[in-house]
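# Residue-level structural notes
Given next are the chains, with one letter for each unit.
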Amino acid sequence: NVVKMLNKFPDPGVENNNILASNLYQTNISASPDLSKVILSYAYWRWIEIFNDSGECITKFTGPNFTELDFVRTKNGLVLTSRNSVAYCYAVTNNDSFMIPYSGKKAKMGGSNFYKYALHLGYDGELICKYTFDPVVLDIQIDWKNRIIYGLNLELEPVVYKYEF
């Protein structure tokens, strides 16, 4: 059912064959623990779509500092350039809300992209809180009960960081 939700891609503003391989639509898919909501975040588009368990889009919104994508046309269709910024990683969910790492920094092609922020959002798209990581993280997991964000950074010692919220 999740794949069926993805049959309509964002419009890049120029003709494009979405079937061809491209990094243009790199997505991250997360679901609420009760499987009633599906979060589709784009790695470079800076927008998020939230679907219910029937596949209907509940809301779609753009994130901070939204800019148009920079891409080139190749024989495989449209391909993003290194001039784009990284947007979102995978969302970490509970049944009422979710947190999603956000970067906003230029993409590192061939390297790891790190996230300085986590946006805590409701399933209606409303911002609950914005958290800042120092040091930056590669990925997060959340202990919702004890209100702790665990951040991973493989380039530093220790590799796991604990942030209370």
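Residues numbered from 1 in each chain as written. Predicted model: local features only at pLDDT ≥ 70, side-chain atom pairs only at ≥ 80, totals over all residues. Heavy atoms only, no water.

Now for a negative patch on the surface. Among the surface-exposed residues, D34, D53, E56 and D96 lie close enough to one another that they form a single negatively charged patch. Tracing the backbone shows D53 in the loop between β3 (47-52) and β4 (57-62). What makes D53 exposed here is its relative accessible area of 53%. (Patch = residues over 30% accessible without salt bridge, like charges linked within 9 Å, V, L, I, M, F, W, Y side chains within 5 Å. Areas by Shrake-Rupley, 256 points an atom, 1.4 Å probe, with all protein chains shown as cover. Salt bridge = Lys/Arg side-chain N within 4 Å of Asp/Glu carboxyl O. Lys, Arg positive; Asp, Glu negative; His and termini not counted. Charge placed at Lys NZ, Arg CZ, Asp CG, Glu CD. Helix = DSSP H or I, 4+ residues; strand = E, 2+ residues; numbered from the N terminus. Buried < 20%, exposed > 50% of the residue type's maximum accessible area, 1.4 Å probe, protein only.)

Attention shifts here to the nonpolar core. The nonpolar side chains of soluble globular proteins are, as a tendency, buried together. Among the nonpolar cores identified, the biggest contains 26 residues, and Y44, M99, F133, I140, I142 and I149 are the most heavily contacted of them. Elements with a minimum of two residues in this core: β2 (37-42), β3, β9 (115-122), β10 (127-137), β11 (139-143) and β13 (160-164). Apart from residues lying up to four places away in sequence, I142 is in contact with V92, M99, I148, I149 and F165. In this structure, Y88, A91, I100 and Y123 belong to the second largest nonpolar core, which totals 13 residues. (Core = buried A, V, L, I, M, F, W, Y, C linked by side-chain atoms within 4.5 Å. Contact = heavy atoms within 4.5 Å.)

A few words on the pairing of β11. Burial along β11 is one-sided: I140 and I142 are buried, while D139, Q141 and D143, pointing the other way, are not. Where β11 and strand β12 (residues 148-152) come together, five bridges link them in antiparallel fashion. The partner of D143 across the bridge, within β12, is I148. Between β11 and β12, which follow one another and run antiparallel, lie four residues, and R147 among them has a positive phi close to 55°. (Pairing = 2+ DSSP bridges.)

Looking now at the packing of aromatic side chains. One pass over the full model with this rule turns up six aromatic pairs. Each ring, one from Y88 and one from Y102, has its centre 5.6 Å from the other, and the planes form 50°; the classification is tilted. In this pair, Y88 sits in the loop between β6 (77-80) and β7 (92-93) while Y102 sits in strand β8 (residues 97-102), placing the two residues 14 residues apart along the sequence. Relative accessible area serves as the criterion here: at 1%, Y88 is assigned to the buried category. Considering the side-chain rings of F98 and Y123, the 5.4 Å spacing of their centres and the 40° angle between planes classify their relative orientation as tilted. With a gap of 25 residues between them, F98 in strand β8 and Y123 in the loop between β9 and β10 connect regions that are remote in the sequence. Since its relative accessible area comes to 0%, F98 is described here as buried. By relative accessible area, which is 8% here, Y123 ends up buried. Taken together, Y131, W144 and F165 form an aromatic cluster joined through their ring pairs. When the ring centre of Y123 is taken as reference, the NZ or CZ atom of K37 above it lies at 5.6 Å. One Lys or Arg, K130, reaches over the ring of Y117 and ends 4.2 Å from the middle of that ring. (Phe/Tyr/Trp six-rings, centres within 6.5 Å; stacked < 30°, edge-to-face > 60°. Lys NZ or Arg CZ within 6 Å of the ring centre and 35° of its normal.)

Any functional reading would require information beyond the geometric quantities listed.
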